[in-house]
Amino acid sequence: MSALPSAAHDVPRARFRPPAVPQVEVRGFWGARVDAVADKTADILYQRCVEAGMLDQIDPDRPVPALRIPFHPNGTVTMQMFWDSDLGKTIETAAYCVYRKPNPALEAKIDAVIDMFEKLQQEDGYLSSWYQRMEPGKRWTNLRDCHELYCAGHLIEGAVAYYQATGKRKLLDVMSRYADHIGTVFGPNPGQRKGYCGHEELELALVKLARVTGNHKYMDLAKYMVDQRGQQPHYFDEEAKARGADPSEYHFKNYEYNQAHKPVREQDKVVGHAVRAMYLYAGMADVATEYGDDDLRKALDRLWDDLNSKRLYVTGGLGPSADNEGFTSDYDLPNETAYAETCAAVGLAFWANRMLGMGPNTRYADAMELALYNGSISGLSLDGSLFFYENPLESRGGHNRWKWHRCPCCPPNIGRMVASIGTYMYGQAEGEVAVHLYCDSTATLDIGSAEVKLTQNTRYPWDGAIGITVDVDKPTRFALNLRIPAWCRKATLSVNGAPIDLKGVTEDGYARIEREWKAGDAVQLDLDLTVEQLHAHPEVRQDVGRVTLKRGPLVYCLEGIDNPLSLNRIRVPAASSFTANFEPGLLEGVVTLAAEAEADATGDWNGDLYRIAPPQTETVPIKAVPYYAWDNREPGEMLVWLRGG
Ligand SMILES: [Zn+2]
């Protein structure tokens, strides 16, 4: 058995870091999505935050506002506590958007918000509009419920993005001071609190801060908080006793809700609140990447297997229950009542993207792509103005997009994810480039010794032909790792017209081409996009006898507007042959799927509700549209899992 490197501080064997947003110019499918966010969503987010009263809370020059959102019945939490996080994500979205399309008016508004935070920051670096303005004197008394460090994390992410997009470092400096302060309060040394947040987020944010500032102590603090989680004596118990509360009266009964039920390296089931879980695992993956920590990686792979083999919707949505906004039991994946919060699918994309930090492997990229193209962007209307919180896989027509939510976590989360999509497409390491996602785009990547420009020319996901042109200043040796998705049954690859034997060069679903690349070298990859009918594991009771249509990365659904009969009357025979048609005028241009299917006939029932004779069947044409684009026309029925057989 070969010796594995021990965990902490070993030099990682491979460390792929994502490019910053400005390194990737996105066009094509995602370009249109980014433009919707830049043209509409970014301004809407700011405006809705203002309307909610958030600026009244963060601006120290204004009178302390009244409580606008009541405390939760358990008396410890109001969503108003999280307003700093909503502003943090709004700043982050705006940062990526003003980089793509100058928007001086929005940039000035964001600058003003940043000025407020700077003015609000205390001498010692502490910064929380809730605890400074609404509940002074109570800081660090309830990390379990009150999102104090979570808010810090989102402001840090906003600060990093704003700095990368605009070069302005005021918020980055403010948040570095706050992170310095947090690092004095929390840690392993005598006199320091052994705490971490009840809503994970700070961990992954500290890694971003460490990468952009080069200050490794932020990385160490992230690692500390990851490893301290779930240790005994339990911080949340001690903290509750210290504020005079009974730990056993915790609303969620046990610490599975916030993944603090045991140390993270011992965890093997994805449990609790889905967004919290995804943010934790994302932070763990960053730490595993940065420290070359194989123990942590093993824990992550156990969790990954659990999610992907038992607890993930076919859309990449996750967390079926509204009760805990999270996970329930194995194979419990109800469709009409699926909670599947937009933020949770966004969080899965975060986690998967960070698993790729440890090296290209299409098991992670496939899930990332699934969440990106389906269960996350379903949460944003095509024009960028309306939102879903829940993303069910079946609707009778009553589930429609809204303008805003009292707990507005999802709108800025989907906004920032879409606007930063370029960072998900590539990984860059010493002498290595990984292409995780295909999309018309140009990326300038840092491989240590040189800069490599890659231009993708493709209509993906509508078409599987992908041309990639390499541009380097001088001939440069590096490895280009191209993802061959696991869903793809047939792929061909060539370099400068010479075919490459994929079998000989593919490992973990990535074709690795190492050579001396010259400017103008052309790679051609063709991925077959056959329409497939997917079946669910037989233990998923809600999907028994049903199929889902999938083409490439896209999951399809039927909508009532295209199929004017009750959708559950329709049956898709196994031998159905689907044609894929690009319809430029529909839903901003989508490939629809059409076939002849069967439907149970109703014409001969003569008023009966029940009868011995089974229904007659009739042939009906059906048309399916990509799931992400549903509910962008008139309200109506929607169905992902169709009766099959
Ligand atoms: Zn959300």
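What counts, and where the lines are drawn
- Residues numbered from 1 in each chain as written.
- Predicted model: local features only at pLDDT ≥ 70, side-chain atom pairs only at ≥ 80, totals over all residues.
- Heavy atoms only, no water.
- Salt bridge = Lys/Arg side-chain N within 4 Å of Asp/Glu carboxyl O.
- Helix = DSSP H or I, 4+ residues; strand = E, 2+ residues; numbered from the N terminus.
- Buried < 20%, exposed > 50% of the residue type's maximum accessible area, 1.4 Å probe, protein only.
- Pairing = 2+ DSSP bridges.
- Axes fitted to C-alpha atoms, helices over the stretch in contact; angles between N-to-C directions.
- Donors = N, O, S within 2.8 Å, 3.2 Å for Na, K, Ca; no water.
- Tetrahedral: all angles 85-135°; square planar, octahedral: opposite > 155°, others 65-115°.
- Expected span 1.5 Å × (residues − 1).
- Contact = heavy atoms within 4.5 Å.
- Polar contact = N/O pair within 3.5 Å; in protein donor to acceptor, adjacent residues only side chain to side chain.
- Core = buried A, V, L, I, M, F, W, Y, C linked by side-chain atoms within 4.5 Å.

The next thing to look at is the pattern of salt bridges. One pass over the full model with this rule turns up 60 salt bridges. Between Asp56 and Arg68 there is a salt bridge whose closest N-O contact spans 2.8 Å. On the criterion of sequence distance, the pair formed by Asp56 in helix α2 (residues 54-58) and Arg68 in the loop between α2 and α3 (83-100) is long-range, its members being twelve residues apart. The partly exposed category is assigned to Asp56, whose relative accessible area is 22%. On the basis of relative accessibility, which here comes to 43%, the residue Arg68 falls in the partly exposed class. Measuring nitrogen to oxygen at the nearest pair gives 3.0 Å for the salt bridge that ties Arg512 to Glu514. Classification of Glu514 by relative accessible area gives partly exposed; the value is 41%. Within this structure, Arg15, Arg17, Arg211, Asp286, Glu290 and Arg354 form a network of salt bridges that share partners.

Sheets are built from strands paired through backbone hydrogen bonds, the pairs being either parallel or antiparallel. Here seven strands make up an open sheet; going across it, the order is β1-β5-β6-β7-β13-β9-β10 and the pairing antiparallel. One side of each edge strand has no neighbouring strand; the edge strands of this open sheet are β1 (24-26) and β10 (498-500). Sheet twist, expressed as the average angle between the axes of neighbouring strands with direction ignored, equals 20 degrees. In this structure, β1 lies alongside strand β5 (residues 441-446), joined through three bridges in antiparallel fashion. Note on β5: the bridge partner recorded for Val26 is Ser441.

Looking at the metal site, the zinc ion is ligated by Glu341 (OE), Cys343 (SG), Cys409 (SG) and Cys410 (SG), spaced 2.0 to 2.3 Å from it. Here the zinc ion is ringed by four donor atoms whose angles at the metal span 94 to 120 degrees, and the overall shape comes out tetrahedral. Summarised as a motif, the one-chain spacing of the donors to the zinc ion is E-x1-C-x65-C-C.

This brings us to the pairing of strand β9 (residues 491-495). As paired strands, β9 and strand β13 (residues 522-527) are joined by five bridges and run antiparallel to one another. Directly across from Leu493, in β13, lies its bridge partner Leu525. Sheet topology places β9 next to β10; three bridges connect them, and they run antiparallel. Across the sheet, the residue bridging to Val495 is Ala498, located in β10.

Another point: helix α10 (residues 216-228). Along an α-helix, a turn takes 3.6 residues, which lines up residues three or four apart on a common side. Taking 1.5 Å per residue, 13 residues should reach 18 Å; α10 reaches 18 Å between its end C-alpha atoms and fits that length. Along α10, the residues that are buried comprise Tyr218, Met219, Leu221, Ala222, Lys223, Tyr224, Met225, Val226 and Gln228. On the buried face of α10, the contacting elements are α7 (148-166), α8 (170-185), α9 (202-213), α12 (274-291) and α13 (294-310). In this structure Asn215 caps α10, since a side-chain oxygen of it lies 3.1 Å from the backbone nitrogen of Lys217. Phi for Gly230, located one or two positions after α10, is positive at around 80 degrees.

Before going further, it helps to spend a moment on the nonpolar core. Formed by 222 residues in total, the largest nonpolar core has its most connected members in Trp30, Ile182, Tyr281, Trp351, Met417 and Leu454. Among the elements that make up this core, the one with the highest residue count is α12 (13 residues).

Pairing in this open sheet of five strands is mixed, and the strands run β3-β4-β8-β12-β11 from one edge to the other. What marks the edges here is a single partner per strand, and that holds for β3 (426-429) and β11 (506-507). Relative to strand β8 (residues 476-483), strand β4 (residues 432-435) runs parallel, the two sharing four bridges. Counted as the bridge partner of Val435 is Leu482 from β8. Relative to β8, helix α15 (residues 362-376) is tilted by about 60 degrees, and along the sheet it contacts β8 and β12 (510-517).

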